[in-house]
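Each chain, letter by letter, is given below.
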There are 2 protein chains.
Amino acid sequence: MPQSRIVIVGGGFGGLAAAKALRNTPARVILIDRTNHHLFQPLLYQVATAALTPAQIGTPIRGILRNQKNASVFMGEVTGVDTEQKRAFVTNADRSNVPVPYDDLILATGATHSYFGHNEFEKFAPGMKSLADAVATRNKVLQAFELAEAEEDTKRRRELLTFVMVGAGPTGVELASALAVLTRTALMEDFRRIDPASARIVLIDMAPRVLTPFSEGLSQAAKRHLEKLGVEVRLGHSVEQIDDDGVVVAGERIVSKTVIWTAGVAPSPAGKWLHVETDRAGRVRVEGDLTVPGHPEIFVIGDTASFEENGKPLPGVAQVAMQQGRHAAKVIHRRITGGSQPGPFSYFDKGNMAVVGKGFAVLESHKVAVSGFGAWLAWAFVHLQFLATSSLRLSVFLQWVWTYFTGQRGSRLIVNHHGSQPAKAAEETSTKTAVA
Amino acid sequence: MPQSRIVIVGGGFGGLAAAKALRNTPARVILIDRTNHHLFQPLLYQVATAALTPAQIGTPIRGILRNQKNASVFMGEVTGVDTEQKRAFVTNADRSNVPVPYDDLILATGATHSYFGHNEFEKFAPGMKSLADAVATRNKVLQAFELAEAEEDTKRRRELLTFVMVGAGPTGVELASALAVLTRTALMEDFRRIDPASARIVLIDMAPRVLTPFSEGLSQAAKRHLEKLGVEVRLGHSVEQIDDDGVVVAGERIVSKTVIWTAGVAPSPAGKWLHVETDRAGRVRVEGDLTVPGHPEIFVIGDTASFEENGKPLPGVAQVAMQQGRHAAKVIHRRITGGSQPGPFSYFDKGNMAVVGKGFAVLESHKVAVSGFGAWLAWAFVHLQFLATSSLRLSVFLQWVWTYFTGQRGSRLIVNHHGSQPAKAAEETSTKTAVA
């Protein structure tokens, strides 16, 4: 009898946890992702602020699953699912819609940023979900300082040194505070004409407080620390407009050349692929065993699944995805090996953390709610622990210690495609400017 | 009296050496580069083969000159020089042709790759001069393995696993051999359907031997080692055609999806900016003190200068550029401080090295010509020493030791702009393929 085929779509926290949990299952495990790396998203803001390099938070999925002989990895984008014929369709740089048959399917396709119906904002306020996004943000931020240094006009210089983050959830808070620290440490002595510490950093949210997943007290603590770092926090108003000249909030225009979208997320289109019921946000409603109603062979987990516990949907965090991934794997494993089925999925909430700048975090776990340096140490410890490989844990740890004590950040690179030109292009430039 | 303005164009080996050597000169030193980083070009091939990360060989120029209070740095591209009014014209993302006045000008604008009149080759066989180029090459190489793994057709799989390097100078030899090592170490256990070690790696040059700057004996040693690594070396024929299907050499087509240009270099257009005499290659002929005839205030150094010693032009290597940078700085310093002028520039040739794979290099210095492991250790030692900062020296050293003993390479990332899409784009994809 041929081995059962378990197709996992997505190499994020959920998909990877599922793949690893299936290591002893007598089946073929096929993991498909549109990138070649597992991304440690919680530290993405550190790449955007040049504290870490892309290679420190992106780990080749093939490397992670190298020794798991029942697993194979394919790079490609799933574009649809034929639930009748049990096939997922995969597109890569070479071929379109190649059918990949499955016996069991785990959709762990995550979320992307959402502009709440204002997709025209994207051009001016890119989001931050992938390594490419983070590198683009880093380029944009560092470039703004370069242009400000070269600018004679003080008003324009001020505009170039104004940075706006739209959305004060964990990503917005972490990015805004990391940017504030960057301007006051690594960049401090780099310039001769501008004072990077004078940069204006604005954090906007329509909610009445920052970090809404946390308790009121911690939100207040986080806000106070943001303000201590010099971040301007504007709450209770949504952004009315984003364009080439910055944003408009509460009728006031904030002129800025660097606006970053750290607000909404939208689930992947898994619900549309399956033609099944979704919640208002578009997430697929799943059963207690994380399967789709009517399709016991299709599991949806993580940010793209809607799973309620005590009448509240579970949050879109790594812990939920990982636990769901392991649960789905257990259900499939027991089906194949004939064991008794586990009870319905239940989330064990270890707590929630967000970092604000350097040496300060907020931490909430069950009845504990703390903020400050201790919470930051706990944050650092937990995040190191969850990195994909031991060499990364060492590398990130050393980098953090180095940056903590020296303030230096080695990866302050602007890498774009103007760095080199073939001879002819260079000559054309020279001809053109011979006139100037 | 206002301070004298020394404008240096280019933050490569020559320009940076000049800037640093001017640290005690009572003048304003203005360094302009089109990127924000000094690139350690000799290790560029290691970024292209995922052995090092971009941040390990690119160092922010501002960081290097942070403590040199008479130096300021501007990111922008010089597009021309007005030698009458003594102004260089600089363009950045915000503004075009801003005049930057100088009293002394040092042009250290380096070289770019040249397609010897076949610029149509560039689209199919990109060169490797900048970090962006190296990252693009890395993406391309890793992507080829991903596509091969997903490919059912054995002939096409073979084509995807054929890599051609055009040009067997140091860059071509180092890249081809590093690629051979990559396929036999880090990638070895990553795939399930393809054997990366079966990749065909072809190195082509019209010269009768590899590494022509070296002696005949070392060329032979390098070639033997390349062949031992499985690299196919095709000498004595130039490439007749490069297109989407690979290359044609000596009438034979080699079908390949990954062709990399490691052949010619062309100097920057400094000669055209200055309207002065150049050699056949386009390099500016300079006087003994490295100034341009008739312009004692304009120095041209490094790859863009033509300087003959014993009837032979100096090679386009880092050592020449650095020594010339320091010499130009000395001439300017003594002019300003009133010291006696140094004698004409004279190159002290410390020797030449190239690495072939892992643990093997060729080294030539005066009468010494050695190849093998000892030469490789010397190579590693010298290259570590020339990295821009001590933290980089430590980081690259640890990385090399790690990679040497484990064969692992952490930066096997494919980072392109398909990694993330906003919600709407994702929905469009799903709609399109609902039909499929």
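Starting afresh in each chain, residues are numbered from 1 along the sequence in its written order. Chain letters start at A and ligand numbers start at 1, both assigned in the order the entries are written. For a predicted model such as this one, the threshold for reporting local features is a pLDDT of at least 70, and the threshold for listing and counting side-chain atom pairs is 80 or more; totals across whole chains, interfaces and linings nevertheless cover every residue. Excluding hydrogens and water, the side-chain figures rest on all heavy atoms present in the structure.

Take the nonpolar core next. Throughout this description, the term nonpolar core refers to a set of buried Ala, Val, Leu, Ile, Met, Phe, Trp, Tyr and Cys residues connected via side-chain atoms within 4.5 Å. We call a residue buried when its accessible area falls under 20% of the maximum for its residue type, exposed when it is over 50%, and partly exposed in between, using a 1.4 Å probe and counting protein chains only. L43(A), I57(A), F145(A), M165(A), L203(A), V210(A) and W379(A) are the most contacted members of the largest nonpolar core, which totals 75 residues. The numbering of helices and of strands both runs from the N terminus, where a helix is a DSSP run of H or I of at least 4 residues and a strand a run of E of at least 2. Per-element tally for this core: the top contributor is helix α5 (residues 131-150) of chain A, with nine residues. If we skip the residues at most four places from it in the chain, F145(A) touches L161(A), F163(A), T183(A), L187(A), F191(A), I194(A), P196(A) and A199(A). Grouped together as the second largest cluster of nonpolar side chains are 74 residues, F40(B), L147(B), F214(B) and L392(B) included. Contact between two residues is taken to exist if any of their heavy atoms lie within 4.5 Å; hydrogens are not considered.

Moving on to the packing of helix α11 (residues 373-385) of chain B against helix α12 (residues 390-406) of chain B. Residue and element names in this part refer to chain B. Fitted lines through C-alpha atoms serve as axes, helices being fitted only where they are in contact, and the angles separating the N-to-C directions of these axes extend from 0 to 180 degrees. Remark: α11 packs on α12, axes separated minimally by 9 Å, with the N-to-C direction vectors making an angle of 150 degrees. When the interaxial angle is binned, α11 and α12 end up roughly antiparallel. Across the interface between the two elements, F373, W376, W379, A380, H383, L384 and Q385 of α11 pack against R393, V396, F397, W400 and Y404 of α12. When residues are sorted by character, Ala, Val, Leu, Ile, Met, Phe, Trp, Tyr, Cys and Pro go into the nonpolar class, Asp, Glu, Lys and Arg into the charged class, and all the rest, Gly among them, into the polar class. Here the contact of α11 with α12 is built from residues that sort into nine nonpolar, two polar and one charged. For classification, angles of less than 35 degrees are called roughly parallel, those exceeding 145 degrees roughly antiparallel, those between 65 and 115 degrees roughly perpendicular, and all remaining angles oblique.

Residues and elements named next belong to chain A. The three strands lie next to each other as β14-β15-β16, forming an open sheet whose pairing is antiparallel. Looking along the sheet, the strands with just one partner apiece sit at the ends: β14 (239-243) and β16 (252-255). With direction set aside, neighbouring strand axes in the sheet form an average angle of 20 degrees. One bridge is not enough; two strands pair if DSSP finds at least two bridges between them. Taken together, the four bridges between β14 and strand β15 (residues 246-249) define a ladder with antiparallel strand orientation. Looking across to β15, one finds that V239 is bridged to V249.

Taken together, the 85 residues of chain A in the interface contact 86 residues of chain B. Counting each side, the surface lost to burial between chain A and chain B is near 7,000 Å², with a carbon and sulfur contribution of 54%. In short, buried area is how much 1.4 Å probe accessible area vanishes from two parts on joining, totalled over both. Summed over the three residues of chain A that lose the most area to chain B, namely R62(A), R66(A) and R192(A), the buried surface amounts to 11% of that side. For this analysis, a salt bridge means a side-chain nitrogen from Lys or Arg found within 4 Å of a carboxyl oxygen belonging to Asp or Glu. Run the count over chain A and chain B and you get eight salt bridges. Note that D190(A) and R66(B) form a salt bridge whose closest N and O atoms lie 2.8 Å from each other. We define a polar contact as two N or O atoms separated by no more than 3.5 Å, with the added condition that, inside protein, one atom must be a possible hydrogen donor and the other a possible acceptor, whereas residues neighbouring each other in sequence contribute only through side-chain atom pairs. Along the contact surface separating chain A from chain B lie 24 residue pairs in polar contact (both at pLDDT 80 or more). Looking at the side of chain A that touches chain B element by element, the count peaks at ten residues for α5(A). Broken down by class, the residue content of the side of chain A that touches chain B amounts to 30 nonpolar, 32 polar and 23 charged.

All names here are of chain A. Strands sit in the order β5-β2-β1-β9-β21-β20 across an open sheet of six strands; the sheet is mixed. Each edge of the open sheet carries a strand with a single partner, namely β5 (71-75) and β20 (291-292). Alignment of strand β1 (residues 4-9) against strand β9 (residues 104-107), held across four bridges, turns out to be parallel. Residue V7 lies in a different strand from β9, and its bridge partner there is L105. Packing of helix α10 (residues 318-337) onto the sheet brings it into contact with β1, β2 (27-33), β9, β20 and β21 (295-300), and relative to β21 it is tilted by some 150 degrees.

Take a nonpolar patch on the surface next. Each patch groups residues whose relative accessible area exceeds 30% and which form no salt bridge, using 9 Å between like charges and 5 Å between nonpolar side chains of Val, Leu, Ile, Met, Phe, Trp and Tyr. Under the convention used here, a 1.4 Å probe and the Shrake-Rupley method define accessible areas, while residue burial counts only the protein chains that appear. Residues L394(A), F397(A), L398(A), V401(A), F405(A), L394(B), F397(B), L398(B), V401(B) and F405(B) make up a contiguous nonpolar surface patch of roughly 1,000 Å² in combined accessible area. Of all elements in the fold, only α12 (390-406) of chain A together with α12 of chain B reach the threshold of two or more residues within the nonpolar patch. Secondary-structure assignment places L398(A) in helix α12.

Next up on the list: helix α8 (residues 216-228) of chain B. Residues and elements named next belong to chain B. The end-to-end C-alpha distance of α8, which contains 13 residues, comes to 18 Å, matching closely the 18 Å that a straight helix rising 1.5 Å per residue would cover. In the core, the buried residues of α8 are packed alongside α7 (170-184), β12 (200-205), β13 (231-235), β26 (361-365) and β27 (368-372). Directly after α8, the chain includes G230, whose backbone phi takes a positive value near 95 degrees. Given the number of residues in a helix, its expected span is that number minus one, multiplied by 1.5 Å.

This part covers the environment of V164(B). All names here are of chain B. Relative to the elements of secondary structure, V164 occurs in strand β11 (residues 162-166). Exposure remark for V164: the relative accessible area of 0% places this residue in the buried category. Residues within four places of V164 in sequence aside, it is in contact with V202, I204, V247, I254, S256, T258, V259 and I260.

For the rest of this paragraph, the subject is the pattern of salt bridges. Residues and elements named next belong to chain B. Per the counting criterion, the structure on display carries 40 salt bridges over all chains. Residue D82 pairs with R87 through a salt bridge whose shortest N-O separation is 3.5 Å. A relative accessible area of 17% means that D82 is categorised as buried. Across the pair E152 and R193 runs a salt bridge whose closest N-O atoms are separated by 3.2 Å. Placement of E152 in the loop between α5 (131-150) and α6 (154-160) and of R193 in the loop between α7 and β12 is noted, with a sequence separation of 41 residues between them.

Residues and elements named next belong to chain A. Working definition: rings of Phe, Tyr and Trp (its six-membered ring) pair if their centres are within 6.5 Å, and the pair is stacked with planes under 30 degrees apart, edge-to-face with planes over 60 apart, and tilted otherwise. This structure, assessed with the given rule, holds 22 aromatic pairs over all chains. Here the aromatic rings of F145 and F191 are separated by 6.1 Å at their centres, their planes lie at 35 degrees, and the arrangement is tilted. Linking F145 in helix α5 with F191 in the loop between α7 (170-184) and β12 (200-205), this pair joins segments that are 46 residues apart in sequence. Centroid distance Y404 to F405: 5.2 Å. Interplanar angle 75 degrees. Geometry classified as edge-to-face.

The next point concerns the relation of the copies chain A and chain B. Here the copies are matched by least squares. The fit uses the C-alpha atoms of residues with pLDDT of at least 70 in both. Note on the copies: chain A fits chain B at an RMSD of 0.0 Å, the axial shift is 0.0 Å, and the rotation between them is 180 degrees. Both copies of the chain, as the preceding transformation shows, are related through a two-fold rotation axis. Measuring from the rotation axis to each C-alpha of chain A, the shortest distance belongs to T53(A), at 3.9 Å. Interface overlap between copies is the fraction of interface residues in one copy that are interface residues in the other; for chain A against chain B it reaches 100%, indicating a shared surface.

What follows deals with a positive patch on the surface. For the charge count, each Lys or Arg is scored as positive and each Asp or Glu as negative, with His and the chain ends excluded. In plain terms, the charge of a residue is placed at NZ if it is Lys, CZ if Arg, CG if Asp and CD if Glu. Together, K20(A), R23(A), R326(A), K350(A) and R393(A) make up a positively charged patch on the protein surface. Checked against the element boundaries, K20(A) lands in helix α1 (residues 13-21).

Bringing the pairing of β12(B) into the picture now. On a regular strand, one side chain projects to one face of the sheet and the next to the other, so that they alternate. Residues and elements named next belong to chain B. Most of β12 sits out of view: five of its six residues are buried. Seen with its strands pointing away from the viewer, a crossover is right-handed when the path leading from the first strand over the helix to the second is clockwise. Running through α7, the crossover from β11 to the neighbouring parallel element β12 is right-handed. Bridge count between β12 and β13: five bridges; the pairing is parallel. Bridge pairing in β13 links I201 to V231. Running through α8, the crossover from β12 to the neighbouring parallel element β13 is right-handed.

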